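Survey of secondary and tertiary structure
Each chain is listed here by its residues.
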Amino acid sequence: MSARLPPVEGEWIDRSKPLVFRFEGRPQMGFEGDVISSALWASGAHLLGRSFKYHRPRGILSMANHDVNTLMEDKFHINLRADTMPLREGMDLFAVNTFGGVRADRAMVLDKLSAFLPVGFYYKAFHGRFAQKWERFFRFMTGLGTPKFGLPRVFTAKRYEFVDVAVIGAGPSGLAAGIEAARAGASVLVVDENTQAGGSLGYARGGSDASYQQLQTLLHEARQLKNLEIRNGTTASGYYDDHWIALTSAHKMSKLRARAAIVTSGVFEQPAVFRNNDLPGVMFASAAQRLIYRYAVKPMNKAVVLTANREGYEAALDLHRHGIAVAAVVDLRAEGEPTSTPQSTPFRVLKGACIVKAIRSGQHVSGVRVAGFGDGAAQADRKETIRCDGVVMSVGFAPAANLLYQAGTQMRYDARVEQFVPETFSPGVFAAGRVNGVYELNARLLDGKRAGAEAARYLDLSAATAVQVPEQTRKPTHPYPIVPHPSGKNFVDFDEDLQLKDFHNAAQEGFDNIELLKRYSTVGMGPSQGKHSNMNAVRILARIRNEPIDKIGTTTARPFYHPVPMSHLAGRGFHPMRQTPLHSRHEKLGAVWMQAGNWWRPEYYAAQGRSKLECVRTEARAVRNGIGIIDVGTLGKMDLFGPDAGEFLERVYTGRFANIKVGMTRYCVMLDEAGVIMDDGVVGRLSEQHFYFTTTTTGSATVYRELVRWNAQWGLDTGIVNVTGAMGAVNLAGPKSREVLSQLTAHDLSAQGFPYLGIRNAQVAGVPCRLMRVGFVGELGYEIHAPAECMGHLWDALMEAGNSHGIQPFGVEAQRLLRLEKGHVIIGQDTDGLTTPFEAAMGWAVKMDKPFFVGQRSLRIIGQRPPTQVAMGFVLAKEFAGDAPKECHLIIHQGQIAGRVTSISFSEALGRHAGLGFIVPELAKEDTAFTIRADGGHTTEATVVKLPFYDPSGERQKL
């Protein structure tokens with residue numbers, strides 16, 4: 001049966017756009033603008049969840065995202081707060097924390113066992129021999145939501161914003177504050193967690209639409225101010241130093257830096273404590289009003305209103321106005337007290353009375369037991385049972401002061417309003433409205449105007465004269481709205497299923513400090529973070545200790561004010577992506593991209609009708625037989641200057657570099673302090689005090705950081721310049737490379753004039769370049785380094801010059817194959833985070849007789865022990881067919897792991913599969929056979945061979 005009301009002025013739903021969804025397997029319907037809870041309540045589904053500990057039935061409580069009675073999940077998300085989660089077409093929702101569904105939850109038997117599960121029971125009973133088994137049981141039984149590991153990663157944006165005045169809360173005082181500050185000339189941002197501005201002005205109407213009309217007036221004034229922005233659906237989740245405020249919305253986090261902040265966050269309505277006060281149908285007055293005025297939903301048919309303030313009577317008038325019978329208003333306050341009630345009430349009022357218990361029928365409230373009330377307990381007189389299908393509570397409020405606490409505000413307890421209010425603020429922080437202890441609507445508007453003017457004056461802006469706010473004349477909160485019951489089930493914390501007796505038991509056991517009580521009982525530690533339980537916990541402890549509330553104090557309010565999705569904290573998953581100056585050329589040539597560190601490099605160049613393997617082999621064949629060109633601009637590139645430059649390189653790298661001749665290069669290996677291979681490259685000497693050297697693509701940033709650190713420590717007379725981004729580079733390789741390059745430069749490229757491992761400054765195609773004769777791919781080749789802005793011109797000139805020779809661009813895959821045939825190691829692939837140069841067969845590059853280099857001491861210690869693994873090359877049989885082993889597959893000998901494969905590929909030049917790997921020293925001898933275990937357990941035979949596989953004498957690269 002639908003509980004949807006006729007159209008209500010200001011409703012948030014669009015009745016022209018129905019939405020169909022499912023809840024617990026049953027079809028439901030709502031409208032665009034509905035939240036999940038409102039749509040379910042309108043369709044008659046009142047059992048929306050189960051409690052955390054006892055699995056008791058739960059329904060709507062706050063309708064404001066301030067409790068977790070209505071936590072749900074769908075196939076894409078967990079822990080959806082149904083009170084504020086917008087309804088979407090096709091949602092398939094389930095309540096969390098159930099075993100068999102919300103209606104037939106098998107764990108509800110725990111409710112009958114609650115006497116055996118008091119607060120702290122697991123501390124006392126479940127330890128010793130069976131502690132781990134009990135731990136597994138409790139982990140299975142508890143927890144909210146099931147992680148969904150197969151979902152795609154969510155990327156959310158982060159942005160930085162700056163404003164003069166940030167106003168937290170778009171209720172009447174927040175809007176008034178923002179308008180006043182903006183009129184003074186400040187740039188103002190007003191944020192509110194609701195999807196529409198107005199706060200209580202939109203829903204707490206007291207039987208008429210006067211407050212709603214006042215809201216429209218305020219919004220109209222705000223829209224006229226160009227320097228004022230109202231941002232709805234945005235929560236101020238945390239407050240940090242210097243007015244740094246974390247703002248979270250559905251799709252992003254904003255890091256707001258304000259010059260001043262005004263907190264107008266309002267209050268949290270507080271529950272009355274009586275037996276069965278958690279049943280579906282028992283809700284806050286503000287929740288019932290939100291259902292009516294935001295979603296046009298009838299919260300119940302017949303209500304009992306429990307109150308201790310004017311707000312409860314106004315809620316009763318709202319219920320009555322929309323056709324809900326009010327069976328009685330039960331007022332905790334006795335006759336003669338200043339009740340501040342409306343002049344005429346069209347319903348029965350019981351003064352000085354309380355609800356002793358809510359009567360349960362199935363999973364819902366069906367009535368209440370009423371009695372007299374005094375001295376914090378039910379009295380024996382005036383007992384009465386009243387039938388109803390809903391209980392509306394308005395007995396008091398607690399300030400939503402989390403951000404004020406985080407901003408360093410000192411709070412004091414004000415007995416006039418029975419709440420904590422700000423006493424002293426940090427500079428630039430202000431408060432207004434109900435969080436400031438001001439409740440009358442006109443006073444709240446004036447208080448907001450006052451705060452806005454003070455913020456403007458703080459910023460040295462002209463503002464209106466001081467605004468006088470009238471004193472509070474009524475008490476909106478009852479000092480002790482708590483009714484003991486001998487049978488318990490009178491809940492203080494709905495998140496943790498904490499009853500009144502749990503607090504007495506905790507205090508009796510010595511946990512009678514508010515911080516200790518919190519940790520022992522877990523009050524306020526659930527997902528709601530005590531929004532509806534902390535203040536009652538303080539009142540109960542004060543009553544137990546017979547001390548004033550201000551002496552009890554409050555617990556610490558830490559960020560976040562409200563749960564923030566992990567995706568928002570992670571942000572958009574920013575990964576730096578670097579492109580070489582030749583990126584557009586590669587795209588035109590059909591490059592298939594791969595990521596190498598932060599760089600995008602061509603993996604291979606796609607050709608129509610050819611597979612990846614065929615393309616790679618074509619590229620490698622061109623380098624071996626003719627000429628190829630590859631973009632190596634991703635290499636780290638460093639210039640080193642100064643009298644001590646040679647000495648610096650001697651300390652950084654394992655080889656000798658102070659004696660390199662000008663115009664020559666040398667291979668270099670870098671270690672960390674543990675003697676582990678960190679990077680490699682080539683060092684070239686351009687003059688006596690000028691060296692130019694390269695690093696690996698992925699290691700350039702790390703190497704540069706370490707070089708700067710070491711240079712600062714050693715204090716040598718040398719300077720380091722990282723020119724990785726300023727310089728581009730290509731490698732022209734193959735037997736025809738000299739012939740092609742000679743067309744573009746007048747420099748002597750002969751073997752005598754420019755020998756292998758030489759480095760020269762030369763003009764190529766009119767561009768000043770550094771030429772290096774290196775042989776990573778095992779052929780005659782020239783690395784050509786040039787300014788990044790000239791690389792496009794240089795590439796085009798080389799391609800044109802090589803066109804008649806069949807020049808072929810080649811990518812990373814072909815380069816890896818070519819270097820594998822030469823047995824050249826790739827740091828990070830053929831080594832790992834524990835590999836030393838002795839294990840990697842690089843001992844020839846290590847000069848242990850030098851006075852010092854980084855990692856030398858560790859190598860001396862390591863050298864005293866025989867290695868556990870050594871690098872080797874291997875081949876498969878020429879007749880091998882089928883799926884070849886892969887990198888990281890294990891080498892097995894006599895049933896034991898004896899090593900692993902680090903690189904493997906089929907080589908056309910060799911006519912067989914070849915690879916590199918690590919193996920135990922006793923098997924590293926040439927012609928030793930071993931077994932490689934591949935995926936699925938099948939094995940392949942391989943043989944150790946001498947490196948390199950291709951051109952062992954190295955003649956081709958020395959041509």
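Structure report, in brief.

Let us now look at the overall build of the chain. Scanning the chain for helices and strands turns up 24 helices and 49 strands. Compactness check: the chain gives a C-alpha radius of gyration of 38 Å against a globular reference of 30 Å for 959 residues, more than 25% above the reference. The dimensions of the chain, computed from C-alpha atoms along their principal axes, are 115 × 70 × 60 Å. Looking at the chain residue by residue over its 959 residues, the buried ones come to 57%. For the chain, the exposed area adds up to about 39,900 Å²; of that, 52% sits on carbon and sulfur atoms. Of the charged side chains in the chain, 108 are positive and 95 negative; the average position of the first set lies 3 Å away from that of the second.

All told, the structure shown has 0 disulfides when counted by the stated rule. Unpaired in terms of disulfides, Cys 354 finds its nearest cysteine sulfur in Cys 388, a separation of 15 Å. Judged by relative accessible area, which is 0%, Cys 354 ranks as buried.

A few words now on the packing of helix α8 (residues 285-295) against helix α9 (residues 310-321). Closest axis-to-axis distance for the α8/α9 pair is 10 Å, and the angle between their directions is 35°. Crossing angle aside, the handedness with which α8 passes α9 is left-handed. Packed against α8, whose contacting residues are Ala 285, Ala 288, Gln 289, Ile 292 and Tyr 293, the element α9 presents Glu 314, Ala 315, Asp 318, Leu 319 and Arg 321 at the interface. Across the contact of α8 with α9, the residue classes tally to 6 nonpolar, 1 polar and 3 charged.

The next subject is the environment of Pro 559. Tracing the backbone through its elements, the reader meets Pro 559 in the loop between α15 (549-552) and α16 (566-570). Expressed as a C-alpha distance, the spacing of Pro 559 and Ala 328, which sit 231 residues apart in the sequence, is 41 Å. Not counting chain neighbours up to four residues away, the residues in contact with Pro 559 comprise Ser 237, Gly 238, Tyr 240 and Gln 406.

Below, the discussion takes up the pairing of strand β35 (residues 665-671). Within β35, 5 of the 7 residues are buried, which leaves it mostly tucked inside the rest of the structure. The turn joining β35 and strand β36 (residues 677-687), which pair antiparallel and follow one another in sequence, is formed by 5 residues; a positive phi near 85° is taken by Gly 675.

Taken together, Val 109, Leu 113 and Phe 116 make up a surface patch of nonpolar side chains, about 310 Å² in accessible area. Along the chain, Leu 113 turns up in the loop between α2 (109-112) and α3 (121-125). Residue Leu 113 is classed as partly exposed on the basis of its relative accessible area of 38%.

Right, let's get into the sheet that holds strand β7 (residues 92-95). The strand order across the open sheet built from 5 strands is β2-β1-β7-β5-β6, with neighbouring strands paired in mixed fashion. Bordering the open sheet on either side are β2 (26-32) and β6 (80-81), each of which pairs with just one other strand. As paired elements, strand β1 (residues 14-23) and β7 share 2 bridges and run parallel to each other. Among the inter-strand pairings, Phe 23 is bridged to a residue of β7, identified as Leu 93.

Moving on, we come to the packing of aromatic side chains. All chains considered together, the criterion is met by 15 aromatic pairs. With 6.4 Å between their ring centres and 15° between their planes, Phe 268 and Tyr 561 make a pair best called stacked. Note that Phe 268 is positioned in strand β14 (residues 267-269) and Tyr 561 in the loop between α15 and α16, a separation of 293 residues in sequence. Each of the two residues, Phe 268 as well as Tyr 561, counts as buried. An aromatic cluster is present here, built from Phe 648, Trp 710, Trp 714 and Phe 852 joined pairwise through their rings. Cation over ring: Arg 434 sits above Phe 397, and NZ or CZ is 5.5 Å from the ring centre. Lying over the aromatic face of Tyr 950, Arg 624 brings its terminal NZ or CZ to 4.0 Å of the ring centre.

Turning next to the side chain of Glu 619. Looking at the secondary structure, you find Glu 619 in helix α18 (residues 612-625). No salt bridge forms around the buried Glu 619; measuring N to O, its nearest opposite-charge neighbour Arg 610 is 7.7 Å away. Not counting residues up to four positions away in its chain, the partners in contact with Glu 619 are Tyr 604, Tyr 605, Gln 808, Pro 809, Phe 810, Gly 811 and Ala 814.

Here we take up the pairing of strand β47 (residues 912-919). Burial analysis of β47 places 7 of its 8 residues in the buried class, which makes it a mostly covered element. Both strand β44 (residues 870-876) and β47 contribute to a ladder of 6 bridges, which runs antiparallel. Across the sheet, the residue bridging to Met 872 is Gly 917, located in β47. Examined bridge by bridge, strand β46 (residues 896-907) and β47 share 8 bridges and lie antiparallel to one another. Its bridge partner being in β47, Ile 904 is matched across the sheet by Gly 915. Where β46 folds back onto β47 in an antiparallel hairpin, the turn is made up of 4 residues, including Gly 911, whose phi is positive at roughly 75°.

Let's shift gears to the nonpolar core. If you look at the biggest cluster of nonpolar residues, it comprises 89 residues, and the most contacted ones within it are Phe 274, Leu 319 and Val 391. Residue contributions to this core peak at 7 residues, all from α8. Other than its neighbours up to four places away in sequence, Leu 319 contacts Ala 288, Ile 292, Pro 299, Met 300, Ala 303, Val 305, Ile 324, Val 326 and Val 392. Counting 48 residues, the second largest nonpolar core, distinct from the first, contains Ala 258, Phe 420, Leu 500 and Ile 514.

This part is about the pattern of salt bridges. On inspection of all chains with the given rule, the structure shows 49 salt bridges. Asp 414 is paired through a salt bridge with Arg 412; the nearest N and O atoms lie 3.9 Å apart. Since its relative accessible area comes to 8%, Asp 414 is described here as buried. In this structure, Glu 821 engages Arg 624 in a salt bridge whose closest nitrogen and oxygen atoms are separated by 2.7 Å. Of this pair, Glu 821 sits in helix α23 (residues 812-821) while Arg 624 is found in helix α18, placing the two residues 197 residues apart along the sequence. Overlapping salt bridges, with partners in common, bring together Arg 56, Arg 58, Asp 278 and Asp 497 in one network.

Reading guide: rules and limits
- Residues numbered from 1 in each chain as written.
- Predicted model: local features only at pLDDT ≥ 70, side-chain atom pairs only at ≥ 80, totals over all residues.
- Heavy atoms only, no water.
- Helix = DSSP H or I, 4+ residues; strand = E, 2+ residues; numbered from the N terminus.
- Rg over C-alpha atoms; globule rule 2.2 N^0.38 Å.
- Buried < 20%, exposed > 50% of the residue type's maximum accessible area, 1.4 Å probe, protein only.
- Areas by Shrake-Rupley, 256 points an atom, 1.4 Å probe, with all protein chains shown as cover.
- Lys, Arg positive; Asp, Glu negative; His and termini not counted.
- Charge placed at Lys NZ, Arg CZ, Asp CG, Glu CD.
- Disulfide = S-S within 2.5 Å.
- Axes fitted to C-alpha atoms, helices over the stretch in contact; angles between N-to-C directions.
- Left-handed = near helix turned anticlockwise from the far one by under 90°.
- Contact = heavy atoms within 4.5 Å.
- Nonpolar A, V, L, I, M, F, W, Y, C, P; charged D, E, K, R; others polar.
- Pairing = 2+ DSSP bridges.
- Patch = residues over 30% accessible without salt bridge, like charges linked within 9 Å, V, L, I, M, F, W, Y side chains within 5 Å.
- Salt bridge = Lys/Arg side-chain N within 4 Å of Asp/Glu carboxyl O.
- Phe/Tyr/Trp six-rings, centres within 6.5 Å; stacked < 30°, edge-to-face > 60°.
- Lys NZ or Arg CZ within 6 Å of the ring centre and 35° of its normal.
- Core = buried A, V, L, I, M, F, W, Y, C linked by side-chain atoms within 4.5 Å.

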